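# An overview of the molecular structure
Chain by chain, the residues:
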Amino acid sequence: MELDLLWLILAIAAGSYIIVYAFVRRVNEWYHVSKLGEKRHFLPPGDMGWPFLGNMPSFLRAYRSNNPETFIDSIVERYGRTGVYKTHLFGNPSIIVSSPQTCRRVLMDDEKFGLGYGKSMTRLAGKNTFVNIAKSEHRRLRKMMTSLMISHEALVMYIGNIEDVAIASLEEWAAASKDEPIEFFCETSKLSLKFIMRILFGSTSDSIFSSVEKHYIDVHDGVHSTAINLPGFAFHKALKARKMLVKILQKVVDERKAMKKNGEQTAKRGMIDLMMEIEDESGKKLQDEDIVDLLIVLLLGAHDGPTHTIIWATIYLYGHPQILQKAKEEQEEIIKTQPSSQKGLSLQEIKQMEYLSKVNIFFMEQGVTIIIF
């Protein structure tokens, strides 16, 4: 009798759990979808996860694993290869677009799709960046930053900085791999961060590099989390890390200003030096707060892209030896024509790498995923 009662209690508990689980999992979708009225019938397949959290737990679990693509894979497995799915990420109801053709349509259609960011990114980017400023100021800032990024002086400076980092890192990898294999994703991620930090700061002390890296990682993790500002959550930790990052970067700005005032110059200039010099059409310069916010956004925006490009290019080149051979032949031809006194690559030589640039573009188009908020 007692055993039967125990089984009955267990059955009721299990049934109640299943009912509550199914109900709670639907609350988020009911809340957001009901606002759409008749438009809800045009929504793609998918689900919106838990209330408040959405699908962030499963997204972050996949993102931090060795196989981040499992998040998309699980959606495709459940709902088929439609290429478009509804979900709830970064505190917003969202649409995931995963097919190359649809991604291209989204990226090319400026009338129907505007630029937008999640709440975490908006809060962590800073008020004086592209993310949070008015359209007129956005145009002014974009024009100024474009000239910083593509001017001949800037490109020549960036090439030298990138080459120094690449050579030093490859030598480190070669030495480390003699004892045991290196973890390619982690090392490539570190390499990309070194690239962008060297581009932004030029030459600076190792302590500045390590301090920026330490706090940047926390801010980066906060951008890829739900905007919950409570102790124990990644976003809360990211806000604190951003404050520390602002202090460090302001210190660098102050040091560069003092050096310029005293007629001194760093061994290698970075984008920060150009930011302090550039003026808009009316002769107005960037304020310190603008420069610091832009440096943080550039760190956030320029880290993940190169990491994934390097990794996938390496994987595909390794899997397609004939393409690798053609890319190597192009490089070898360029090296043969270099003067014996020349060290490193010139901007003109990089522009001659037509085949390698096509290889890079091809690989970047292979696995594009866009999240629309």
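The name given to the chain in an unreviewed UniProt entry is Ent-kaurenoic acid oxidase 2, with the source organism recorded as Citrus sinensis.

The next thing to look at is the environment of H308. As for its placement among the helices and strands, H308 is situated in helix α13 (residues 304-319). Along the backbone, H308 and S192 are 116 residues apart, and their C-alpha atoms lie at a distance of 9.4 Å.

A full pass over the atoms with the stated rule returns 9 salt bridges. Close ionic contact of E187 with K190 constitutes a salt bridge, the shortest N to O distance being 3.8 Å. Taken as a pair, E187 and K190 lie in helix α8 (residues 184-201) at a separation of 3 residues, close to a single helical turn. For E187, a relative accessible area of 22% translates into the label partly exposed.

Here the focus is the packing of aromatic side chains. Under the criterion given, the structure shown has 4 aromatic pairs. Where W173 meets F184, the ring centres are 6.1 Å apart and the plane angle is 75 degrees; that geometry is what we call edge-to-face. With W173 in helix α7 (residues 152-176) and F184 in helix α8, the pair connects residues that are 11 residues apart, well separated along the chain. On the basis of relative accessible area, F184 is assigned to the partly exposed category, the value being 31%. Considering the side-chain rings of F201 and F209, the 6.5 Å spacing of their centres and the 70 degrees angle between planes classify their relative orientation as edge-to-face. We note that F201, like F209, is buried.

The sheet contact formed by strand β1 (residues 84-89) and strand β2 (residues 92-97) spans 6 bridges and is antiparallel. When the sheet's bridge partners are listed, T87 is paired in β2 with S94. Counting the residues in the hairpin turn of β1 and β2 gives 2 residues, including F90, whose phi is positive at 55 degrees.

What follows is about the packing of α8 against α13. Relative orientation of the contacting elements α8 and α13 amounts to 135 degrees, with a least axis distance of 8 Å. Comparing the axis directions of α8 and α13 gives the class oblique. Here α8 runs over α13; the crossing is right-handed. Here α8 contributes F184, F185, T188, S189, L191, S192 and F195 to the contact with α13, which in turn contributes P306, T307, H308, I310, I311 and T314. Residues belonging to the contact of α8 with α13 are distributed by class as follows: 7 nonpolar, 6 polar and no charged.

A few words on the environment of D290. In this fold, D290 is placed in helix α12 (residues 288-301). A C-alpha to C-alpha distance of 9.6 Å links D290 and L141, two positions 149 residues apart in sequence.

The next thing to look at is the packing of α13 against helix α14 (residues 321-336). A pair of packed helices is captured by two measures, namely the crossing angle of their axes and the spacing between those axes. Two elements in contact, α13 and α14, have axes whose closest approach is 5 Å; the angle formed by their N-to-C orientations is 110 degrees. Put simply, α13 runs roughly perpendicular to α14. Judged by residue contacts, L317, Y318 and G319 of α13 engage P321, I323 and L324 from α14. For the contact of α13 with α14, the per-class residue count stands at 5 nonpolar, 1 polar and no charged.

Parameters at a glance
Residues numbered from 1 in each chain as written. Predicted model: local features only at pLDDT ≥ 70, side-chain atom pairs only at ≥ 80, totals over all residues. Heavy atoms only, no water. Helix = DSSP H or I, 4+ residues; strand = E, 2+ residues; numbered from the N terminus. Salt bridge = Lys/Arg side-chain N within 4 Å of Asp/Glu carboxyl O. Buried < 20%, exposed > 50% of the residue type's maximum accessible area, 1.4 Å probe, protein only. Phe/Tyr/Trp six-rings, centres within 6.5 Å; stacked < 30°, edge-to-face > 60°. Pairing = 2+ DSSP bridges. Axes fitted to C-alpha atoms, helices over the stretch in contact; angles between N-to-C directions. Parallel < 35°, antiparallel > 145°, perpendicular 65-115°, else oblique. Left-handed = near helix turned anticlockwise from the far one by under 90°. Contact = heavy atoms within 4.5 Å. Nonpolar A, V, L, I, M, F, W, Y, C, P; charged D, E, K, R; others polar.

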